[in-house]
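Architecture at a glance
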Amino acid sequence: MRAERTAQVMLAALVALATGCGGGGASPQARDATTPPAPGTAPARATQPTTPPAGKALAGKVVVLDPGHNGGNASHPAEINRLVDIITQRKPCNTTGTSTASGYTEHAFTWDVARRLRPLLEKEGAEVVLTRPDDRGVGPCITERAAIGNKARADAVLSIHGDGAAPGGHGFHVLLPGLIAGHNDAVVAPSRRLGLAVRAAYRSGTGLPYATYAGRDGLETRTDLGGLNLSTRPAVFVECGNMRNRGDAAKLADPAFRERIAAALAAGLTTYLHRG
Ligand code: ZN
């Protein structure tokens, strides 16, 4: 693993040299490259005065935010129940999602978090693409959500969800893509690094514990999610809390807490996009 990582870093350094660094943001090869860590040295950006826009931490990065579900799903069962192929199985195109006991819906929650998160990333220079334009539509299918990230050549894809588990469980967890040989080989490792960065930032930024009812230490590897299986870009899901749990629900339904969630997710994405 260490040798492989070292080789990746060396390759990334060579790619950076070959592209002259300055044009890196627009080059697919450079965008794919793992950012070499620079222990004890100044950030690479300091030597790249031609990277536009200067001084912004996420300049040249593309982030796809995928707010789970949609406001019109519940009233369009035929459309969202249509089965689609996610490699490991066939699943409904989309689902309605869950809600808190008092009726705050997951689709409204995920949309609100994405709406708050987007400007935080844009302020740092990132190009942000959302998988749906509002909270009133139907779908899109999980296949289409993944395709949006792929087409955008996203440096990171974050799917935002709230869980609908048994009320006794609480806390958050991050879902990572499991290996599906021949399909997502190249993105399993960077997705894990993205997931670790999101997990750390979410825990410290929100104070929520790792989920007591799923995964281990706030992480769960899955091969049954279309958004992960079909992504050719680094991608994770975050289950921001259990909406069926009273304590978590009170937090997720609080706009001030959602602002904290957005800030935490921005911090996690920024850490990953810096380190690669
Ligand atoms: Zn969901």
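Structure first, text after, so check above.
Let's talk about the pairing of strand S1 (residues 62–67)
Within S1, six of the six residues are buried, which leaves the element mostly enclosed by the surrounding structure. Of the two faces of S1, both are covered, the one formed by Val62, Val64 and Asp66 as well as the one formed by Val63, Leu65 and Pro67. Inspection of the sheet shows S1 paired to strand S4 (residues 127–130) by four bridges, in the parallel sense. For Val64, the partnering residue across the bridge sits in S4 and is Val129. In this structure, S1 lies alongside strand S5 (residues 156–163), joined through five bridges in parallel fashion. Looking at the pairing, Pro67 lines up with Ile160 of S5.

Observations regarding the state of the cysteines
By the definition in use, this model includes one disulfide. Linked covalently through their sulfurs, Cys93 and Cys141 form a disulfide whose S-S length is 2.2 Å. One disulfide, between Cys93 and Cys141, carries an S-S torsion of -100 degrees and so falls in the left-handed class. Of this pair, Cys93 sits in the loop between strand S3 (90–92) and helix H4 (106–123) while Cys141 sits in the loop between S4 and helix H5 (142–151); the two residues are 48 residues apart in sequence, bridging distant segments of the chain. Each member of the pair, Cys93 as well as Cys141, is classed as buried.

Calculation rules
- All residue numbers refer to position in the chain's written sequence, counted from 1.
- Reporting in this predicted model follows two pLDDT cut-offs: at least 70 for local features of residues, and 80 or more for side-chain atom pairs to be given and counted; totals over whole chains, interfaces and linings ignore these cut-offs and use all residues.
- Based on all heavy atoms of the structure, the side-chain values leave hydrogens and waters out of the count.
- Summary of the burial criterion: residues with accessible area below 20% of their type's maximum are buried, those above 50% are exposed, and those between are partly exposed, where the area comes from a 1.4 Å probe applied to protein chains only.
- Strands are runs of DSSP state E lasting at least 2 residues, helices are runs of H or I lasting at least 4, and numbering of each runs from the N terminus.
- At least two bridges found by DSSP between two strands is the condition for calling them paired.
- Only a pair of cysteine sulfur atoms within 2.5 Å qualifies as a disulfide here.

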